[in-house]
Amino acid sequence: MELLRRKIQFLDLGNRENSRTVIRHLTAISNVLNTDGYDDPHFRVFRSNQRALGELVISDSNDQCLGYAEFCRRLDTDADFASWFEPLSDGIRELATWTRPHPRLMGLHEASPCDWTPGDWDVRFQRK
């Protein structure tokens, strides 16, 4: 999301309404991560830390996100890098003991654009 945030002024999904919809979803996701409106603090990430995590996963060489293998390698070998992700790792370990859905993760699902697709994408990417 940090890369998208950096380039948001150039975002063009075919029309302004589609671009605004993406921005609304990104804002909603950031709000769910940041809020103290959930009883459980797991997966709470303050906005400044959201930015920091985003910066950490951007490759220095090509302004793209780290690949999964490189991310895992750094998580295993770079203690400073890993320390930024420790609160999320703690939340994942805790979640493994839960028998019900985690409220913040449900909020993230509701805020995400996972079931939203701009109409113009149907033309650009032929669905099968």
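Residues numbered from 1 in each chain as written. Predicted model: local features only at pLDDT ≥ 70, side-chain atom pairs only at ≥ 80, totals over all residues. Heavy atoms only, no water.

Notes on the overall build of the protein
Thinking step 1. Within the protein one finds 7 helices and 0 strands.
Thinking step 2. In the structure as shown, the protein presents an accessible area of about 9000 Å², 55% of it carried by carbon and sulfur atoms. (Helix = DSSP H or I, 4+ residues; strand = E, 2+ residues; numbered from the N terminus. Areas by Shrake-Rupley, 256 points an atom, 1.4 Å probe, with all protein chains shown as cover.)

What about helix 6 (residues 103-111)?
Thinking step 1. Turning to helix 6, its buried residues number three or more, namely R104, G107, L108 and A111. The buried residues of helix 6 occupy an angular sector of 100° when projected down its axis, which confines them to one face.
Thinking step 2. On the buried face of helix 6, the contacting elements are helix 2 (16-34). (Buried < 20%, exposed > 50% of the residue type's maximum accessible area, 1.4 Å probe, protein only. Arc of directions from axis to C-beta. Contact = heavy atoms within 4.5 Å.)

Examining the pattern of salt bridges
Where charged atoms of side chains with opposite charge meet at close range, the side chains can pair.
Thinking step 1. Tallied over the full model, the rule gives 4 salt bridges.
Thinking step 2. A salt bridge links E70 to R73, with the shortest nitrogen-to-oxygen separation between them at 2.7 Å. Residue E70 and its partner R73 are both found in helix 4 (residues 68-77); the two are separated by 3 residues, about one turn of the helix.
Thinking step 3. Residue R73 is classed as partly exposed on the basis of its relative accessible area, which comes to 43%.
Thinking step 4. For E86, the salt bridge identified is with R93, shortest N-O distance 2.6 Å.
Thinking step 5. Of the residues examined, R93 reaches a relative accessible area of 49% and is grouped as partly exposed.
Thinking step 6. Taken together, the shared-partner salt bridges in this structure form one network comprising E86, D90 and R93. (Salt bridge = Lys/Arg side-chain N within 4 Å of Asp/Glu carboxyl O.)

Here we look at the packing of aromatic side chains
Thinking step 1. All chains considered together, the criterion is met by 3 aromatic pairs.
Thinking step 2. Between F71 and F81, the aromatic rings sit 5.7 Å apart at their centres with planes inclined by 70°, giving edge-to-face as the arrangement. Of this pair, F71 sits in helix 4 while F81 is found in helix 5 (residues 79-95), placing the two residues 10 residues apart along the sequence.
Thinking step 3. The class for F81 is buried, based on a relative accessible area of 1%.
Thinking step 4. With a centroid separation of 5.1 Å and an interplanar angle of 45°, the aromatic rings of F81 and F85 are classed as tilted. Of this pair, F81 and F85 both sit in helix 5, separated by 4 residues, roughly a single helical turn. (Phe/Tyr/Trp six-rings, centres within 6.5 Å; stacked < 30°, edge-to-face > 60°.)

Observations concerning the confidence of the model for the protein
Thinking step 1. Averaged over the protein, the pLDDT score is 81; the fraction of residues at 70 or greater is 76%.
Thinking step 2. Low pLDDT, under 50, characterises residues 120-128; the predicted model gives this stretch 10 contacts beyond four residues in sequence or across chains. (pLDDT = per-residue confidence, 0-100.)

Considerations on the side chain of R104
Thinking step 1. Tracing the sequence through the fold places R104 in helix 6.
Thinking step 2. Despite being buried, R104 has no salt bridge partner; D40 is the closest side chain of opposite charge, sitting 6.4 Å away.
Thinking step 3. At 3.5 Å, the side chain of R104 forms a polar contact with the backbone oxygen of L33.
Thinking step 4. Each residue touching R104, except ones within four places of it in the same chain, is listed here: V32, L33, T35, Y38, D40, P41, H42, F43 and R44. (Lys, Arg positive; Asp, Glu negative; His and termini not counted. Polar contact = N/O pair within 3.5 Å; in protein donor to acceptor, adjacent residues only side chain to side chain.)

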